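# Structural overview
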Amino acid sequence: MSVTVRPLGAEEARARFDDLARLRITVFRAWPYLYDGDLDYERRYLGTFLDAQGAFVAGAFDGDALVGAATASPLTHHFAEFVEPFAAAGLNARDWFYFGESVLLPHYRGQGVGVRFFEEREAEARRQGFSACVFAAVKRPADHPARPADYIPLDGFWQNRGYGRIAGLSTTFSWKDIGEVAETTKTMEYWGRRLG
């Protein structure tokens, strides 16, 4: 099985909007996001992201089928919920390139695609003149009833890429969990690194 990873231009990303939305809905349904997604939410979230200045999308392809994607944009052009904690902590949000989602269908994992997603987004950060990258990950309680017994957090993978938690920095964002009737607010913690 051969997976090709490459950047998507703005026009191609928009043309593949439904594919990107389906990927997010499928992958984020699993722990720890438990996202009960729908196209209305995707039009708001993904649509806003794709309209952002400096938005970047890398796609993973099996032939012509989009099987994974990773997004990024300047932090200041992302949702306010992700920008405001930086100002509150005395950090300059303009210094940071924000990584959005990194989603890959389970069948294609373990082949280095996740590493390529980080490499592509870091290369784009450098192209746009950034020297620091950051992303936010949901923080669920350790005793959450939906947590699989065999779940292995991605902390080790992120640390191997040079990322670490940014102490004292967190935010909240809302989406609908599986089994919920409405969106609820989730806590998210930041991971970042300075590019060498």
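Only a predicted model underlies this, so the values are computations on that prediction, with no experimental measurement involved.

## Some words on the pattern of salt bridges
Following the criterion strictly, the structure yields 20 salt bridges and no others. A salt bridge links arginine 116 to glutamate 119; the nearest nitrogen and oxygen atoms lie 3.8 Å apart. One end of the pair, arginine 116, and the other, glutamate 119, are both in helix α5 (residues 113-127), three residues apart, so they sit about a helical turn from each other. You can call arginine 116 partly exposed: its relative accessible area is 30%. Residue classification places glutamate 119 among the partly exposed positions, given a relative accessible area of 37%. Across the pair glutamate 122 and arginine 193 runs a salt bridge whose closest N-O atoms are separated by 3.3 Å. Taken together, the positions of glutamate 122 in helix α5 and arginine 193 in strand β7 (residues 184-194) put the pair 71 residues apart, joining distant regions of the chain. In this structure, a network of salt bridges that share partners links the residues Arg6, Glu12, Arg16, Asp19, Arg22 and Asp64.

## Some words on the environment of alanine 146
Looking at where alanine 146 falls in the secondary structure, it is placed in the loop between β5 (132-138) and α6 (155-160). By relative accessible area, alanine 146 is classed as partly exposed at 37%. Sequence spacing of alanine 146 and serine 131 is 15 residues, and the spatial spacing of their C-alpha atoms is 37 Å. When residues no more than four places from it in sequence are discounted, the contact partners of alanine 146 are Trp31 and Leu34.

## What about α5?
Helical geometry: 3.6 residues make up each α-helical turn, so side chains three or four residues apart lie on a common side. Under the 1.5 Å per step criterion, the end-to-end length of α5 is 21 Å for 15 residues, consistent within 8% with the ideal 21 Å. Taken together, the buried positions of α5 are Val113, Phe117, Phe118, Glu120, Arg121, Glu122, Glu124 and Ala125. One or two residues past the end of α5 sits glycine 129, with phi positive at roughly 90°.

## A word on the sheet that holds strand β4 (residues 96-104)
Where strands meet in a sheet, backbone hydrogen bonds hold them as pairs that are either parallel or antiparallel. Reading across the sheet, the seven strands line up as β1-β2-β3-β4-β5-β7-β6 and stay open at both edges, with mixed pairing between neighbours. The open sheet has two edge strands with one neighbour each: β1 (4-8) and β6 (164-175). Mean inter-strand twist for the sheet, computed between neighbouring axes without regard to direction, equals 30°. With seven bridges joining them, strand β2 (residues 56-62) and strand β3 (residues 65-74) adopt antiparallel strand pairing. The residue bridging alanine 60 from the neighbouring strand is glycine 68, located in β3.

## Points about helix α2 (residues 17-27)
When α2 is considered as a whole, its buried residues turn out to be Phe17, Leu20, Ala21, Leu23, Arg24, Ile25 and Val27. Buried-residue contacts for α2 involve α1 (10-15), α3 (39-51), β2, β3 and β4.

## Things to note about the packing of aromatic side chains
For the coordinates displayed, the defined rule picks out 23 aromatic pairs. Seen from their ring centres, phenylalanine 82 and tyrosine 98 are 5.2 Å apart, and the 40° between their planes marks the pair as tilted. Remark: tyrosine 98 occurs in strand β4 and phenylalanine 82 occurs in helix α4 (residues 80-88); sequence separation between them is 16 residues. Each member of the pair phenylalanine 82 and tyrosine 98 is classed as buried. Measuring from centroid to centroid gives 6.4 Å for phenylalanine 97 and phenylalanine 99, while their planes differ by 90°, and the two rings are edge-to-face. Taking relative accessible area as the criterion, phenylalanine 99 reaches 1% and is therefore assigned buried. These aromatic residues form a ring-pair network of at least three members: Phe97, Phe99, Phe118, Phe130, Phe135, Phe157, Trp158, Tyr163 and Trp191. Sitting above the plane of the phenylalanine 118 ring, arginine 121 keeps its charged end 4.9 Å from the centroid.

Calculation rules
Residues numbered from 1 in each chain as written. Predicted model: local features only at pLDDT ≥ 70, side-chain atom pairs only at ≥ 80, totals over all residues. Heavy atoms only, no water. Salt bridge = Lys/Arg side-chain N within 4 Å of Asp/Glu carboxyl O. Helix = DSSP H or I, 4+ residues; strand = E, 2+ residues; numbered from the N terminus. Buried < 20%, exposed > 50% of the residue type's maximum accessible area, 1.4 Å probe, protein only. Contact = heavy atoms within 4.5 Å. Expected span 1.5 Å × (residues − 1). Pairing = 2+ DSSP bridges. Axes fitted to C-alpha atoms, helices over the stretch in contact; angles between N-to-C directions. Phe/Tyr/Trp six-rings, centres within 6.5 Å; stacked < 30°, edge-to-face > 60°. Lys NZ or Arg CZ within 6 Å of the ring centre and 35° of its normal.

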